[in-house]
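Listed here are the chains, written in short residue letters.
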Amino acid sequence: MPALKVLQLTDLHILPHAGDRMLGIDTEQYFQQTLAHAHATLGPFDLILLTGDLGQDPSADSYRRICRHLQTYQTPCLCLPGNHDDWKLMQTELNVDFVSCRKHVLLKNWQIIALNSQKPGCPSGFLSPEELIFLRQTLSTHDMPALLAVHHHCIASGSSWMDTMQIENGEALLAILEQFPQVKAITCGHLHQEMQTSHRQIAIYATPASCFQFKPFAAEFELDTLAPGYRIFELGDDGDLRSRCYHLPISMSGLQTNQHSY
Ligand SMILES: [Fe+2]
């Protein structure tokens, strides 16, 4: 029995109005289905981690609808921004009861750290000096096993078009983490696909989107027909970490795979 169970959902791409569609699909409906499927088959969870691109052209209403869906599960939720998000608006709308935009949470003997990798006006990721100072200070103060969450990937994925949009100063991030052996894993979104690799002792994960997926190892934008997905973390008392991805048992019949961007 793990000490903690964490559900990661990412890249919701919730549209400004309920019922709106993107690439032929209703992203909000899939977000709800993903949440429901995870809870029905693997819940309850100690934490729900939402790792960016919560909104596509975000509005207050899109964040309020996300918040309403999350509140149903009465589970602490941590939201961090992706390149499509409005971080200021997120902090206004997603700080209610169970839902928050906190950057550091202590849970039993674990700590969860959420970083902001937004580079203003740009789809790439970047960690500002302030963000790196916050990370270093947090890890210096708390010597407990750490799971780090951030939207963009910090290491190449092999999808060359996505790798032009990874964290530009990913080496600076890894150089800090190397000094803190309590860091067990980094998990991200952004790639809309599953990835599992490592850097020294640190596991590095990417998680499928709760809407449409991208083809792995692609040179340019290409949609995959895989169903919406999510990731589960099991965090043990002794600092061990296990993780697995799951997909909804549905086919993506409405997905417009002939589209060339998103
Ligand atoms: Fe995304």
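Please refer to the structure placed before this passage.
The structure reproduced in this document is the subject of the present report. A quick note: this is a predicted structure, and the numbers were derived from the prediction, not measured. (Residues numbered from 1 in each chain as written. Predicted model: local features only at pLDDT ≥ 70, side-chain atom pairs only at ≥ 80, totals over all residues. Heavy atoms only, no water.)

### Description of the overall build of the chain
Now for step 1: Broken down by element type, the chain carries six helices and 16 strands.
Now for step 2: The C-alpha atoms of the chain give 17 Å as radius of gyration, which agrees with the globular expectation for 262 residues (18 Å, within 12%).
Now for step 3: Looking at the chain as a whole, 59% of its 262 residues qualify as buried.
Now for step 4: A fraction of 69% describes how many contacts in the chain between residues 6 or more apart in sequence connect residues 24 or more apart.
Now for step 5: In the chain, 17 positive and 27 negative side-chain charges are present, and the distance between their average locations comes to 4 Å. (Helix = DSSP H or I, 4+ residues; strand = E, 2+ residues; numbered from the N terminus. Rg over C-alpha atoms; globule rule 2.2 N^0.38 Å. Buried < 20%, exposed > 50% of the residue type's maximum accessible area, 1.4 Å probe, protein only. Contact = heavy atoms within 4.5 Å. Lys, Arg positive; Asp, Glu negative; His and termini not counted. Charge placed at Lys NZ, Arg CZ, Asp CG, Glu CD.)

### Digging into the pairing of strand β9 (residues 146–149)
Now for step 1: Residues Ala146 and Leu148 line one face of β9 and the alternating positions Leu147 and Ala149 line the opposite face, and both faces are buried.
Now for step 2: Sheet analysis places strand β6 (residues 110–114) next to β9, joined by four bridges and oriented parallel. When the sheet's bridge partners are listed, Ile112 is paired in β9 with Leu147. (Pairing = 2+ DSSP bridges.)

### Focus on the coordination of the iron ion
Now for step 1: Coordination of the iron ion by the protein is provided by Asp11 (OD), His13 (NE2), Asp53 (OD) and His192 (NE2), with metal-donor distances spanning 2.1 to 2.4 Å.
Now for step 2: Taken together, the four donor atoms coordinating the iron ion and their angles of 87 to 177 degrees define a geometry best described as irregular.
Now for step 3: In terms of primary sequence, the donors binding the iron ion are separated according to D-x1-H-x39-D-x138-H. Placement of the pair is Asp53 in the loop between β2 (47–51) and α2 (60–71) and His192 in the loop between β10 (183–188) and β11 (195–199), with a sequence separation of 139 residues. Assigned by exposure class, Asp53 and His192 land together as buried. (Donors = N, O, S within 2.8 Å, 3.2 Å for Na, K, Ca; no water. Tetrahedral: all angles 85-135°; square planar, octahedral: opposite > 155°, others 65-115°.)

### A closer look at the sheet that holds strand β12 (residues 202–206)
Now for step 1: With mixed pairing, six strands are arranged side by side in an open sheet as β5-β6-β9-β10-β12-β11. With one partner strand each, in any of the chains shown, β5 (104–107) and β11 form the two edges of the open sheet. The sheet shows a mean angle of 20 degrees between the axes of neighbouring strands, direction not considered.
Now for step 2: Running over the sheet, helix α4 (residues 129–141) touches β5, β6, β9 and β10 and is turned about 175 degrees from β6. (Axes fitted to C-alpha atoms, helices over the stretch in contact; angles between N-to-C directions.)

### Comments concerning the sheet that holds strand β1 (residues 4–9)
Now for step 1: The six strands lie next to each other as β4-β3-β2-β1-β15-β16, forming an open sheet whose pairing is mixed. Two strands in the sheet have a free side with no partner beyond their single neighbour: β4 (99–100) and β16 (241–247).
Now for step 2: Note: β1 against β2, four bridges, orientation parallel. By the bridge assignment, Leu9 is partnered in β2 with Leu50.

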